[in-house]
Each structure stands twice: as C-alpha cells, then as structure tokens.
Amino acid sequence: MDSHLSERGAKPKSNRNKQQNQRIVRKPPPRATNDKQNNIYITSKSDFKAQQKRCEDLLNAGTKEIFLHCMGYSITRGLTLALRLIDNSDGALSYAINTSTIKLVDELHPLCDEDDITYRQRNNSALHIKIFNHNLFDIVVPKLPAQSSCTEANTKKPQKKHK
C-alpha cells in the first residue's frame, strides 16, 4: 500500500506560496462620530464595574440621558449594563433600543515586504441604548397669569372711607 499523497487528494506542500498568502489582520476600532460626555462605548475589554459607576455618576450629576453603544460580542455586556442601571434606579429610568449594521474596514498586512497592504470590508451588528430619566419630580409647572392676579387681589386690604 505504497501510495503517494497526491493520489489521495492531498495538496503538495509549498512554503513559498504559504508565506506569500499569509497576512496579519489588523482590526482598527471604529471611529466615534461625536465625543459627547453622555456617549459611552461598551467594549469587551473595559471593566464592567467602572462603566456602571461612570453611567451612575453621569445620571446622578443631572444628565437627562446617556447613550450606550456596543458592537458584536459586547452587545450582551451593553444589555446587561442597561438592565442593571434600570433595576438600580427604582423606576426612575427608562430605555429605548435601536439596532444597526456598521461597516468596518480591516487591514491585511503581509508578512513579506514585497506585497502591499490590502483592505477588507465587513459588516458588524451594533446596538444603541438610550437610557433616560423620566422622574416626575423633574416636571416644571409654569405659573399661570390668572393665579398671580388672584393672589394679589386677595392680599390687598380694603380701605376705610372717612366722613
């Protein structure tokens, strides 16, 4: 049973072709569109407790709404963070969720210097969570003009007539 590898369907090994086709994939992070303080970007590498504290500090400082942005694998972390913030708020916070698809560009760097850098475009799912304060104590009731004139009329004392 002396058979060659090529007879069984195996490809012949060639180190030169393998080195030319190998590339290092670099995935740069997506650029943030706006750097407002109430935009929080959730990643799988950042500390969960630190992100929770940052969100709570922003909401306790008087920020009316914050936005959590997460992509791919970190979507579950973003949802967990949003639900934990809402549970800890005793009903003072609410949320709205939007989904989107974001186009990402990967850089493929060759291992040898003879080849050029190539780019690959791919899609990734994203989640945007708006957490906002809907507390009843934040409602501002405007004064009506009729209320101010009625109170002034009641506070005036009638003058006595002298004969």
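Residues numbered from 1 in each chain as written. Predicted model: local features only at pLDDT ≥ 70, side-chain atom pairs only at ≥ 80, totals over all residues. Heavy atoms only, no water.

Trainee: Just checking my understanding: could you explain the packing of aromatic side chains for this structure?
Mentor: The relative placement of two aromatic rings is captured by the distance of their centres and the angle of their planes. In total, this model carries 0 aromatic pairs according to the counting rule given. Positioned above the aromatic ring of Phe 132 is the side chain of Lys 130, whose terminal nitrogen or guanidinium carbon lies 5.4 Å from the ring centre. (Phe/Tyr/Trp six-rings, centres within 6.5 Å; stacked < 30°, edge-to-face > 60°. Lys NZ or Arg CZ within 6 Å of the ring centre and 35° of its normal.)

Trainee: I'm lost on the pattern of salt bridges in this one. Help?
Mentor: Should the charged atoms of two oppositely charged side chains come close, the side chains can pair. For the structure on display, the rule yields 4 salt bridges. Here Lys 53 ties to Asp 57 by a salt bridge, and the two come within 3.0 Å at their closest N and O atoms. Here the residue Lys 53 and the residue Asp 57 both occupy positions in helix α2 (residues 48–60), the gap between them amounting to 4 residues, near one helical turn. Residue Arg 120 pairs with Asp 106 through a salt bridge whose shortest N-O separation is 3.2 Å. With a gap of 14 residues between them, Arg 120 in strand β5 (residues 118–133) and Asp 106 in strand β4 (residues 93–110) connect regions that are remote in the sequence. One connected set of salt bridges, linked through shared partners, spans Asp 106, Arg 120 and Arg 122. (Salt bridge = Lys/Arg side-chain N within 4 Å of Asp/Glu carboxyl O. Helix = DSSP H or I, 4+ residues; strand = E, 2+ residues; numbered from the N terminus.)

Trainee: I keep staring at α2 and nothing clicks. Help me out?
Mentor: Owing to its 3.6 residues per turn, the α-helix brings residues three or four apart onto one side. The terminal C-alpha atoms of α2 lie 18 Å apart, and with 13 residues this matches the ideal 18 Å at 1.5 Å per residue to within 8%. Listed as buried for α2 are Phe 48, Gln 51, Gln 52, Cys 55, Leu 58 and Leu 59. Along the axis of α2, the buried positions cluster into a sector of 130°, meaning they face one direction only. The outward face of α2, more than 90 degrees from its buried face, is lined by the exposed residues Lys 49, Lys 53 and Asn 60. (Expected span 1.5 Å × (residues − 1). Buried < 20%, exposed > 50% of the residue type's maximum accessible area, 1.4 Å probe, protein only. Arc of directions from axis to C-beta.)

Trainee: Would you take a moment to explain the nonpolar core for this structure?
Mentor: Nonpolar side chains in soluble globular proteins tend to end up buried together. Ranked by size, the top nonpolar core spans 18 residues in total, and within it Ile 40, Cys 55, Ile 66, Leu 68, Leu 81 and Ile 131 carry the most contacts. Contributing elements (two or more residues each) for this core: β2 (39–42), α2, β3 (65–71), α3 (75–88) and β5. For this core, the element with the highest residue contribution is α3, accounting for 5 residues. Once residues within four sequence positions are removed from consideration, Ile 131 is found in contact with Leu 59, Lys 64, Glu 65, Ile 66, Leu 68, Ala 82, Leu 85, Leu 93, Ser 94 and Tyr 95. (Core = buried A, V, L, I, M, F, W, Y, C linked by side-chain atoms within 4.5 Å. Contact = heavy atoms within 4.5 Å.)

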